[in-house]
Amino acid sequence: KQEVTQIPAALSVPEGENLVLNCSFTDSAIYNLQWFRQDPGKGLTSLLLIQSSQREQTSGRLNASLDKSSGRSTLYIAASQPGDSATYLCAVPQGGSEKLVFGKGMKLTVNP
Amino acid sequence: GAVVSQHPSWVICKSGTSVKIECRSLDFQATTMFWYRQFPKQSLMLMATSNEGSKATYEQGVEKDKFLINHASLTLSTLTVTSAHPEDSSFYICSAPDRAHGDGYTFGSGTRLTVV
């Protein structure tokens, strides 16, 4: 059964820092991995989707990498801003299905 | 990208009543819709998968008679919480595969249900 872990559960940093968020998964037989952002009381916003054949994806100040063999993904946030404060979740499909398994998320606070 | 509209965004109801949550795909046809619930400071837990025109598939431990799911059209899926109790208070979110943009998923904005 796929399990997804995100450590740490929370992070507080001053504005301007470059950040690395970690995600690990137990079953490396995934066909993609997706990073999401969730603001308090809101739904999920997709940030980046990495296919299993890709090593990384970039969108603006965000860069996500995927190492299937080691069961890890990282989300890199450059030059963090207070507006980046949110909970970040990673998710992978369960087995060969379309069902997603989520990590518990990492709550990021960027202080001005 | 694809958009899923979820309503209501929040609802307060009395114990014993039923509440319906709607998710509409606005610019694409959602043949599949996933329903999740999220407790405070917890991750999303899949409740059920609905497919247009057929019965929903429920995850282990989810009461299908309590959480009624209907997916009668390609653009609308509904979740009805029947005979709600305070322990049903939670954040409910729907999601559909965004097949037009690879294998990603698009999520509704969520519904905060409070049962008093």
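Structure: above.
Bear in mind that the values here come from a model prediction, so they are computed numbers and not experimental data.

Right, let's get into the nonpolar core. Ranked by internal contacts, the top residues of the largest apolar core, which has 25 residues, are L21, L33, W35, L75, I77, Y88 and L108 of chain A. Excluding anything up to four places from it in sequence, Y88 of chain A contacts Q6, L21, F36, R37, L47, L75, I77, G105, M106 and L108 of chain A. One finds V11, C23, I69 and V81 of chain B within the second-largest nonpolar core, a separate group that totals 24 residues.

Residues and elements named next belong to chain A. Secondary-structure assignment places T74 in strand β8 (residues 72-77). Overall, T74 belongs to the partly exposed group, its relative accessible area being 25%. Sequence separation between T74 and P93 is 19 residues; the distance between their C-alpha atoms is 17 Å. Leave out the neighbours within four places in its chain, and T74 touches V20, L21, N22, W35, N63, A64 and S65.

As a further point, take the sheet that holds strand β7 (residues 62-67) of chain A. Across the sheet, which stays open at both edges, the five strands sit in the order β1-β3-β8-β7-β6 (chain A) with antiparallel pairing between neighbours. Looking at the sheet topology across the chains shown, the edges are occupied by β1 (4-5) and β6 (56-59) of chain A.

Once that is clear, we can look at the side chain of T106 of chain B. Residues and elements named next belong to chain B. Tracing the sequence through the fold places T106 in strand β10 (residues 104-107). One polar contact links the side chain of T106 to the main-chain carbonyl oxygen of A2, over a distance of 3.0 Å. Once residues within four sequence positions are removed from consideration, T106 is found in contact with A2, V3, V4, F28, C94, S95, A96 and D98.

Another point: a nonpolar patch on the surface. On the surface, W10, I12 and V116 of chain B cluster together into a nonpolar patch covering about 370 Å² of accessible area. Checked against the element boundaries, I12 of chain B lands in strand β2 (residues 10-13).

Moving on: the packing of aromatic side chains. One pass over the structure, following the stated rule, counts seven aromatic pairs over all chains. With centroids separated by 5.9 Å and ring planes inclined at 75°, the aromatic side chains of F102 of chain A and F107 of chain B adopt a geometry described as edge-to-face. Here F102 of chain A is found in strand β10 (residues 100-102), whereas its partner F107 of chain B is found in strand β10 on a different chain. This pair shows no difference in class: F102 of chain A is buried, exactly as F107 of chain B is. Pairing F67 of chain B with Y92 of chain B gives two aromatic rings, centres 6.3 Å apart and planes at 40°, and the pair type is tilted. Linking F67 of chain B in strand β7 (residues 67-73) with Y92 of chain B in strand β9 (residues 90-98), this pair joins segments that are 25 residues apart in sequence. We note that F67 of chain B, like Y92 of chain B, is buried.

Residues and elements named next belong to chain B. An order of β1-β3-β8-β7 is seen for the four strands of this open sheet, with the pairing classed as antiparallel. Both outer strands of the open sheet, β1 (4-7) and β7, are each paired with one neighbouring strand and no more. Taking each pair of neighbouring strands and ignoring which way they run, the sheet shows an average axis angle of 15°. With six bridges connecting them, strand β3 (residues 19-25) and strand β8 (residues 76-81) associate as antiparallel partners.

Cut-off values and rules
- Residues numbered from 1 in each chain as written.
- Chains lettered and ligands numbered in written order.
- Predicted model: local features only at pLDDT ≥ 70, side-chain atom pairs only at ≥ 80, totals over all residues.
- Heavy atoms only, no water.
- Core = buried A, V, L, I, M, F, W, Y, C linked by side-chain atoms within 4.5 Å.
- Buried < 20%, exposed > 50% of the residue type's maximum accessible area, 1.4 Å probe, protein only.
- Contact = heavy atoms within 4.5 Å.
- Helix = DSSP H or I, 4+ residues; strand = E, 2+ residues; numbered from the N terminus.
- Pairing = 2+ DSSP bridges.
- Polar contact = N/O pair within 3.5 Å; in protein donor to acceptor, adjacent residues only side chain to side chain.
- Patch = residues over 30% accessible without salt bridge, like charges linked within 9 Å, V, L, I, M, F, W, Y side chains within 5 Å.
- Areas by Shrake-Rupley, 256 points an atom, 1.4 Å probe, with all protein chains shown as cover.
- Salt bridge = Lys/Arg side-chain N within 4 Å of Asp/Glu carboxyl O.
- Phe/Tyr/Trp six-rings, centres within 6.5 Å; stacked < 30°, edge-to-face > 60°.
- Axes fitted to C-alpha atoms, helices over the stretch in contact; angles between N-to-C directions.

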